[in-house]
Amino acid sequence: MDKARSWSIPKLYVWDAYKRVKANRGAAGVDDQTIEEFERDLANNLYKLWNRMSSGSYFPPPVKRVNIEKRGGGFRPLGIPTVSDRIAQGRYAWVLDLDIKSYFDTISHELLLRAVRKHTDCPWVLLYIERWLKAPVQLEDGTLEPRERGTPQGSVISPLLSNLFLHYTFDRWMARNHSDIPFERFADDALCHCVNEAQAKTLKEALEKRFAECGLQLHPEKTKIVYCKDDDRRGNSKNESFDFLGYSFRARRSKNRFGKFFVNFSPGVSNAATKAIREEIRRWQLRCRIDKWIDDLARMFNPVIRGWITYYGRYYKSALYPTFRYLDQCLANWARAKYKRLRRHRQRAGHWVSKTASRDPRLFAHWPLLRRAATGR
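Criteria and cut-off values
- Residues numbered from 1 in each chain as written.
- Predicted model: local features only at pLDDT ≥ 70, side-chain atom pairs only at ≥ 80, totals over all residues.
- Heavy atoms only, no water.
- Pairing = 2+ DSSP bridges.
- Helix = DSSP H or I, 4+ residues; strand = E, 2+ residues; numbered from the N terminus.
- Axes fitted to C-alpha atoms, helices over the stretch in contact; angles between N-to-C directions.
- Contact = heavy atoms within 4.5 Å.
- Buried < 20%, exposed > 50% of the residue type's maximum accessible area, 1.4 Å probe, protein only.
- Patch = residues over 30% accessible without salt bridge, like charges linked within 9 Å, V, L, I, M, F, W, Y side chains within 5 Å.
- Areas by Shrake-Rupley, 256 points an atom, 1.4 Å probe, with all protein chains shown as cover.
- Salt bridge = Lys/Arg side-chain N within 4 Å of Asp/Glu carboxyl O.
- Phe/Tyr/Trp six-rings, centres within 6.5 Å; stacked < 30°, edge-to-face > 60°.
- Lys NZ or Arg CZ within 6 Å of the ring centre and 35° of its normal.
- Expected span 1.5 Å × (residues − 1).
- Arc of directions from axis to C-beta.
- Parallel < 35°, antiparallel > 145°, perpendicular 65-115°, else oblique.
- Left-handed = near helix turned anticlockwise from the far one by under 90°.
- Nonpolar A, V, L, I, M, F, W, Y, C, P; charged D, E, K, R; others polar.

**Points about the sheet that holds strand S8 (residues 224-227)**
Thinking step 1. Spatially, the 4 strands line up as an open sheet ordered S6-S7-S3-S8, and their pairing is antiparallel. Strand pairing shows two members of the sheet lacking a second neighbour, strand S6 (183-186) and S8, which therefore form its edges. Shown here is a sheet whose adjacent strand axes are inclined to one another by a mean of 20°, direction ignored.
Thinking step 2. The sheet contact formed by strand S3 (residues 94-99) and S8 spans 4 bridges and is antiparallel. Looking at S8, one finds that Asp97 is bridged to Lys224.
Thinking step 3. The strands touched by helix H8 (residues 158-177) are S3, S6 and strand S7 (189-194); relative to S6, the strand with the most contacts, the crossing angle is about 175°.
Thinking step 4. Its contacts with the sheet place helix H9 (residues 197-213) against S3, S7 and S8, and it is angled at close to 20° to S3.

Spelled out as structure tokens, the structure:
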């Protein structure tokens, strides 16, 4: 790395990003510079961009606001970055999806206490943290088992201690040794973004060694290198999707502002998350609540439904539609149990739910979502 530069950004990254921007075309930004004009002095323009990013002096220019007319009337604001800024933002084609094997059970007490001592020298805090870590585990048969490693999931202090351990084991190590590779981590789930497969493999090998030094092990089957396939990245790989925080990231069919369909790599609610939602709906036991009216059910469960929509509906809402249609089926089963005229008529009960939704489309929090899907808006 050049000592005069703040960040180690290989020139190849900038070149690869330029090629993707060129393939995507796109309009000019606030500087009115087109891709063709940028290419007239390509080598110099790319060098200046790389030089500024490497030195930490690059600042994104303003984004040009353009109003695009919507099909149903009105306008949708669209932000158009400059050509150079689109290159600077770049796109990482590969992800290293990390999974630490039995993380909470294998944390080294010695290394964890060393990390704690970096933040406090209070004797009684250190005393009780060590005692909490080493408190024995009582098994189902009543016997006590000493705990030599790990921090028990479910204890109040466990999330804080486990996060602190990975802060030094992973976060700080990445900042020192791979500052050019962006990553996200939530608890023991982490993703690292790489420009090519070779970089991902090299990082995986380095992390295996690093975690081994800290008494941890990457799960050999669940840790995987993923290719972020879309219309611009048309190669093939064994793994082309990953799950993170309840979302599945994979190639999906989307529509751009001109109504043209294309494939991009984007998030949507994961199968594991929709399975958990359906299990929660079954726990509501709607068929057993015939003493309630439908507006009672809405008041009882709308807070939960809104929570699902707020979190999982932020991206690719249509992935939620099958699960919410299942909820409507459960409401139809409730109606069959409550009303004698519907008891033996599954289809009629479904129509009753549909008519209720048409009459009062905001009664349940998910009904406006399904209504927009049905009307194509």
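Having seen it, we continue.
**Some remarks on unusual backbone geometry**
Thinking step 1. Located in the positive-phi region is Asp32, a residue other than glycine, with phi close to 60°.
Thinking step 2. When you line up the elements, Asp32 lands in the loop between helix H1 (11-24) and helix H2 (35-39).
Thinking step 3. We classify Asp32 as exposed; its relative accessible area is 52%.
Thinking step 4. Located in the positive-phi region is Ala187, a residue other than glycine, with phi close to 55°.
Thinking step 5. With respect to the secondary-structure elements, Ala187 resides in the loop between S6 and S7.
Thinking step 6. The partly exposed category is assigned to Ala187, whose relative accessible area is 36%.

**What about the sheet that holds strand S10 (residues 247-255)?**
Thinking step 1. One open sheet accounts for 3 strands, arranged S9-S10-S11; its pairing is antiparallel. The sheet terminates laterally at strand S9 (242-244) and strand S11 (261-269), the two strands that pair on one side only. Each strand axis lies, on average, 50° off the axis of its neighbour in the sheet, ignoring direction.
Thinking step 2. With 9 bridges connecting them, S10 and S11 associate as antiparallel partners. Bridged to Arg250 within S11 is Ser266.

**A few points about a nonpolar patch on the surface**
Thinking step 1. Where nonpolar side chains cluster on the molecular surface, the patch consists of Trp124, Leu127, Tyr128 and Trp132 and spans about 470 Å² of accessible area.
Thinking step 2. Tracing the backbone shows Leu127 in helix H7 (residues 123-134).
Thinking step 3. Residue classification places Leu127 among the partly exposed residues on the basis of a relative accessible area of 34%.

**A few points about the packing of aromatic side chains**
Thinking step 1. For the coordinates displayed, the defined rule picks out 19 aromatic pairs.
Thinking step 2. Between Tyr103 and Phe104, the ring centres sit 5.2 Å apart and the planes meet at 65°, which makes this aromatic pair edge-to-face.
Thinking step 3. Ring plane angle 85° and centroid distance 6.1 Å describe the contact between Trp334 and Tyr339, whose orientation is recorded as edge-to-face.
Thinking step 4. Taking the relative accessible area as the measure of exposure, Trp334 reaches 0% and is therefore buried.
Thinking step 5. Among the aromatic residues, those joined into a cluster by ring pairs are Tyr247, Tyr311, Tyr312 and Tyr315.
Thinking step 6. Across from the ring centre of Trp50, 4.6 Å away, lies the NZ or CZ of Lys11, which sits over that ring.
Thinking step 7. Taking NZ or CZ as reference, Lys338 lies 4.2 Å from the ring centre of Trp293, over its face.

**Some details on the pairing of S3**
Thinking step 1. Most of S3 is tucked away: 5 of the 6 residues are buried.
Thinking step 2. Pairing of S3 with S7, which is carried by 6 bridges, proceeds in the antiparallel orientation. If you follow Leu96 over to S7, its bridge partner there is Cys192.

**Digging into helix H3 (residues 42-55)**
Thinking step 1. In this model H3 runs 20 Å from its N-terminal to its C-terminal C-alpha over 14 residues, within 8% of the 20 Å that 1.5 Å per residue would give.
Thinking step 2. Residues of H3 that are buried include every one of Leu42, Asn45, Leu46, Leu49, Trp50, Met53 and Ser54, and no others. Summarising the axial view, the buried residues of H3 lie within an arc of 155°, below the 170-degree limit, and thus occupy one face.

**Brief notes about the packing of H8 against H9**
Thinking step 1. Contact geometry of H8 with H9 gives a least axis separation of 11 Å together with a crossing angle of 140°. By the angle between their directions, the pair H8 and H9 is classed as oblique. As for the relative orientation of H8 and H9, their crossing is right-handed in sense. Together, Leu166, Tyr168, Thr169, Phe170, Trp173, Met174 and Arg176 of H8 and Leu203, Ala206, Leu207, Arg210 and Phe211 of H9 make up the contact between the two elements.
Thinking step 2. In terms of residue class, the contact of H8 with H9 is built from 9 nonpolar, 1 polar and 2 charged.

**What about the packing of helix H12 (residues 321-338) against helix H13 (residues 346-359)?**
Thinking step 1. Where H12 contacts H13, the axes come no closer than 8 Å and their chain directions differ by 115°. Between H12 and H13, the angle is such that the two are roughly perpendicular. As H12 runs across H13, the sense of the crossing is right-handed. Counted together, Asp328, Leu331, Ala332, Asn333, Trp334, Ala335 and Arg336 of H12 and Arg346, Ala349, Gly350, Trp352 and Val353 of H13 form the full contact between these two elements.
Thinking step 2. In terms of residue class, the contact of H12 with H13 is built from 7 nonpolar, 2 polar and 3 charged.

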